[in-house]
Amino acid sequence: AASATTPAKTGGEGDKTGEEDDKDDKAAQSLLNKLIRSNLVNTTNQVEVLQRDPNSPLYSVKSFEELRLKPQLLQGVYAMGFNRPSKIQENALPMMLAEPPQNLIAQSQSGTGKTAAFVLAMLSHVDPNNKFPQALCVSPTYELALQTGKVIEQMGKHYSEVKLVYAIRGNKLPRGTQLQEQVVIGTPGTMLDWCLKFKFIDPKKIKVFVLDEADVMIATQGHQDQSIRIQRMLPKQCQMLLFSATFEETVWNFAQRIVPDPNIIKLKREEETLDTIKQYYVLCNSKEEKFMALCNIYGAITIAQAMIFCHTRKTAGWLAGELSREGHQVALLSGEMQVEQRAAVIDRFRDGKEKVLVTTNVCARGIDVEQVSVVINFDLPVDRDGNPDNETYLHRIGRTGRFGKRGLAINMVDSRFSMNVLNKIQDHFDKKIEKLDTDDLDEIE
Ligand code: ADP
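Quick look at the structure, then. Remember, it's a predicted structure, so these values are computed and weren't measured experimentally.

Some details on the nonpolar core
Judged by nonpolar contacts, the single largest core of 46 residues is most densely connected at Met96, Met122 and Val183. If one sorts the elements of this core by residue count, helix α4 (residues 114-125) sits on top with eight residues. Apart from the residues within four sequence positions on either side, methionine 122 is in contact with Ala135, Leu136, Cys137, Ile152, Val183, Val208 and Val210. In this structure, Leu144, Phe309, Phe349 and Val413 belong to the second largest nonpolar core, which totals 36 residues.

As for the pattern of salt bridges
On inspection of all chains with the given rule, the structure shows eleven salt bridges. Between arginine 325 and glutamate 322 there is a salt bridge, with the nearest N and O atoms lying 2.9 Å from each other. Highlighted residues: arginine 325 and glutamate 322, both in helix α11 (residues 313-325), separated by three residues, approximately one helical turn. A salt bridge links arginine 350 to aspartate 347; its shortest N-O distance comes to 3.8 Å. Of the two residues, arginine 350 and aspartate 347 both sit in helix α12 (residues 339-350), three residues apart, roughly one turn of that helix. Each of Lys290, Asp379 and Asp414 takes part in one network of salt bridges that share partners.

Describing the packing of aromatic side chains
Summed over all chains, the structure comprises eight aromatic pairs. With a centroid separation of 5.5 Å and 80° between ring planes, the pair formed by tryptophan 194 and phenylalanine 200 is classed as edge-to-face. Taking relative accessible area as the criterion, tryptophan 194 reaches 2% and is therefore assigned buried. Residue classification places phenylalanine 200 among the buried residues on the basis of a relative accessible area of 3%.

Topic: the packing of helix α10 (residues 287-300) against α11
With their axes 11 Å apart at the nearest point, α10 and α11 run at an angle of 45° to one another. Considered as vectors, α10 and α11 are oriented oblique to each other. The chirality of how α10 crosses α11 is right-handed. The segment α10 lies against α11, with Lys287, Glu288, Phe291 and Leu294 engaging Thr315, Trp318, Leu319, Glu322 and Leu323.

Observations regarding helix α15 (residues 416-429)
With 14 residues, α15 should reach 20 Å at 1.5 Å per residue; the first-to-last C-alpha distance of 20 Å fits that figure. Taken together, the buried positions of α15 are occupied by Ser418, Met419, Val421, Leu422, Ile425, Gln426 and Phe429. One side of α15 carries all its buried residues, which in axial view fall inside an arc of 160°. Of the residues in α15, the exposed ones pointing more than 90 degrees away from the buried face are Arg416 and Asp427. Where α15 is buried, its residues meet β10 (277-283), α14 (390-397) and β16 (407-413). Just beyond α15, the residue with positive phi is aspartate 430, at close to 55°.

Side note on the site of the ligand
Taken together, 18 residues form the shell around the ligand, and within it Arg84, Gly111, Gly113, Lys114 and Thr115 come nearest. Leucine 40 is positioned with one of its backbone polar atoms (N or O) 3.4 Å from an oxygen atom of the ligand. Contacts to the ligand include threonine 115, whose side-chain N or O atom sits 2.5 Å from an oxygen atom. About the coverage of the ligand: the protein hides 83% of its 560 Å² of free accessible area. With three residues, α4 is the largest single contributor of residues to the shell around the ligand.

Structural notes on the sheet that holds β10
Spatial ordering of the open sheet is given by β12-β13-β11-β14-β16-β10-β17, a layout of seven strands whose pairing is parallel. A strand with exactly one partner marks an edge of an open sheet, and here the two such strands are β12 (330-333) and β17 (434-435). Of the strand pairs in this sheet, β12 and strand β13 (residues 356-360) are connected by four bridges, and their pairing is parallel. In the sheet register, valine 330 faces β13, and the bridge partner there is valine 356.

Considerations on the pairing of β13
Burial within β13 is extensive, with five of its five residues counted as buried. Burial along β13 is two-sided: the residues Val356, Val358 and Thr360 and Leu357 and Thr359 are all buried. By the bridge criterion, five bridges tie strand β11 (residues 306-310) to β13 in an arrangement that is parallel. The partner of alanine 306 across the bridge, within β13, is valine 356. Taken together, β12, α12 and β13 form a β-α-β motif whose crossover is right-handed.

Some details on unusual backbone geometry
A cis amide bond links glutamate 99 to the next residue, proline 100, at an omega of -5°. Relative to the elements of secondary structure, proline 100 occurs in the loop between α3 (87-97) and β2 (104-107). With phi around 50°, arginine 68 is a residue other than glycine that occupies positive phi space. On the secondary structure map, arginine 68 appears in the loop between β1 (47-50) and α2 (71-79).

So, the sheet that holds β2
Strand order across the open sheet formed by eight strands is β1-β8-β2-β7-β6-β3-β5-β4, with mixed pairing between neighbours. Sheet topology places β1 and β4 (164-167) at the edges, where each strand pairs with a single neighbour. Going across the sheet, the axis of each strand differs from the next one's by a mean of 15°, ignoring polarity. Relative to strand β8 (residues 263-267), β2 runs parallel, the two being bridged by four bridges. Across the sheet, residue leucine 104 finds its bridge partner in β8, namely asparagine 263. Helix α5 (residues 142-155) contacts β3 (135-138), β4 and β5 (183-186) of the sheet and is inclined by roughly 175° relative to β4. The sheet strands contacting helix α9 (residues 249-258) are β2, β6 (208-211), β7 (239-244) and β8, and the helix crosses β7 at an angle near 165°.

Each value, and the rule that gives it
- Residues numbered from 1 in each chain as written.
- Predicted model: local features only at pLDDT ≥ 70, side-chain atom pairs only at ≥ 80, totals over all residues.
- Heavy atoms only, no water.
- Core = buried A, V, L, I, M, F, W, Y, C linked by side-chain atoms within 4.5 Å.
- Buried < 20%, exposed > 50% of the residue type's maximum accessible area, 1.4 Å probe, protein only.
- Helix = DSSP H or I, 4+ residues; strand = E, 2+ residues; numbered from the N terminus.
- Contact = heavy atoms within 4.5 Å.
- Salt bridge = Lys/Arg side-chain N within 4 Å of Asp/Glu carboxyl O.
- Phe/Tyr/Trp six-rings, centres within 6.5 Å; stacked < 30°, edge-to-face > 60°.
- Axes fitted to C-alpha atoms, helices over the stretch in contact; angles between N-to-C directions.
- Parallel < 35°, antiparallel > 145°, perpendicular 65-115°, else oblique.
- Left-handed = near helix turned anticlockwise from the far one by under 90°.
- Expected span 1.5 Å × (residues − 1).
- Arc of directions from axis to C-beta.
- Near = heavy atom within 4 Å.
- Polar contact = N/O pair within 3.5 Å; in protein donor to acceptor, adjacent residues only side chain to side chain.
- Areas by Shrake-Rupley, 256 points an atom, 1.4 Å probe, with all protein chains shown as cover.
- Pairing = 2+ DSSP bridges.
- Right-handed = clockwise from strand over helix to strand, strands pointing away.

What follows is the structure in structure tokens.
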């Protein structure tokens, strides 16, 4: 397999607001999630299955043995520490491994076992005796392709006859090359070139086509077209599989163009709620006063670990500096950091090496740090136009269903404007946000 180094991602110019990072950040977010996730997310929701043929029996498996995988693959599965299929895998794996193979569109949040599932399907369907590509997987970015490639390598560790090659920029092959590897992972542009322009791959021999992270994919201009052009070169009987963490209308439309006659599997994400959260606000007049109030709160209550959200990188940097001057061990998560650096910061925080994590909104979106019981909104979440961002508020402090422990949220208000935002958030959720007097903090413990 080709190796490649990971280039730097995103520049950090000036005092961008967190929201401005958002546009090109879907892929970075997804990568971050992969880097920091070491196991399955908990979910209580039931998988929804829509079969193409509703009369055919619906199989689900509770163990990997039931799937009759090749022993080399079963060994790979156990070497990765998997004991039983995840919720989505229970249904997806029998469908993907059925004979004849079935098409599938699957949607579930990141961390539910989608990648592991399609990697297993790809490795199961290729014939190691045939020295040509039989399984293609397209990912939205170079980094995500590398990450998925790693999973293929891990899972296939005991199945060394099957080889993998990366169709990513920088991996230049001599003209006239005929690939011998059975599995190809790459980005849509290079994959299309390899099939069409350079003919390194004969698309007519492909048995499995996987399109991963469809929601991230369609956010990039051109990827949609390239993916569809690849798909059109594949034989009719080729198995088409598409995965996505979210499922907006646009994703769905795209999915239907990629995957004919699909089975559909959906797993709703766990609802977030404010029910188990005590919410407070603190009235201040300036950034400095907010900092003082924060110190008072820290002096008065025992806080295991806290996350503090700021609107801009500049405020986050300033606050982290002030807090460490006060003797706190602070971690700073900021937009100008590379994804790998961000993952390292989050890992350290999760290990308890720092007790305070200061961050801008975008950096921490979608990241679950389960043990955090205190969330401080140093700035309230607002959208680009300055309107209250209820969704982000809920996501910062909300807890999911029955896994949620009790939590504490403290909002810093420093102007009439932010008081107004707070009131609107309070009205939206219809949950009282109590005023907190930082000179008298007995009430919160
Ligand atoms: P997704 O693609 O939905 O984000 P992944 O396949 O990457 O999910 O799985 C998330 C994490 O859970 C990974 O660390 C993966 O190794 C692990 N994992 C996947 N399937 C299982 C399983 N059946 N048992 C235990 N861990 C699993």
